[in-house]
Amino acid sequence: MADKNNKVPENVPGAWYVDNELCTPCRVCLDEAADLLKYNADESKVFFFKQPEGADELAHAASARDVCPQAAIAEDGE
Ligand code: SF4
């Protein structure tokens, strides 16, 4: 389960984040939310470069969360 105290450091501030320990990174989520998520510099993790705004982006974020096999994406951040 993702932990808001263990975000990938590059995550922009906000509710949505990727957990730094759980992300493998398998890249499955990028197909769901390429408008919000991308690899970090060494491609060792994925992170939210943008917080979702509006219904479409929120749906993309939710899809990314739902397909993540590691349950590394959550929305209880701050
Ligand atoms: S689907 Fe989950 S484990 Fe895979 S890259 Fe995305 S956040 Fe990381």
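Residues numbered from 1 in each chain as written. Predicted model: local features only at pLDDT ≥ 70, side-chain atom pairs only at ≥ 80, totals over all residues. Heavy atoms only, no water.

Regarding unusual backbone geometry
Backbone phi values are negative for most residues with the exception of glycine, while trans is the configuration of most peptide bonds.
Consideration 1: Here Thr 24 and Pro 25 are connected by a cis peptide whose omega angle stands at -10°.
Consideration 2: Within the element layout of this structure, Pro 25 appears in the loop between strand S1 (17–18) and strand S2 (37–39).
Consideration 3: Phi at Arg 27 is positive, roughly 75°, even though this residue is not glycine.
Consideration 4: With respect to the element layout, Arg 27 can be found in the loop between S1 and S2. (Helix = DSSP H or I, 4+ residues; strand = E, 2+ residues; numbered from the N terminus.)

Side note on the packing of aromatic side chains
Consideration 1: Counted under the stated rule, the structure contains one aromatic pair.
Consideration 2: For the pair Trp 16 and Phe 48, a centre-to-centre distance of 6.0 Å together with 45° between the ring planes defines the contact as tilted. Remark: Phe 48 occurs in strand S3 (residues 46–48) and Trp 16 occurs in the segment before S1; sequence separation between them is 32 residues. One exposure class covers both Trp 16 and Phe 48, and it is buried. (Phe/Tyr/Trp six-rings, centres within 6.5 Å; stacked < 30°, edge-to-face > 60°. Buried < 20%, exposed > 50% of the residue type's maximum accessible area, 1.4 Å probe, protein only.)

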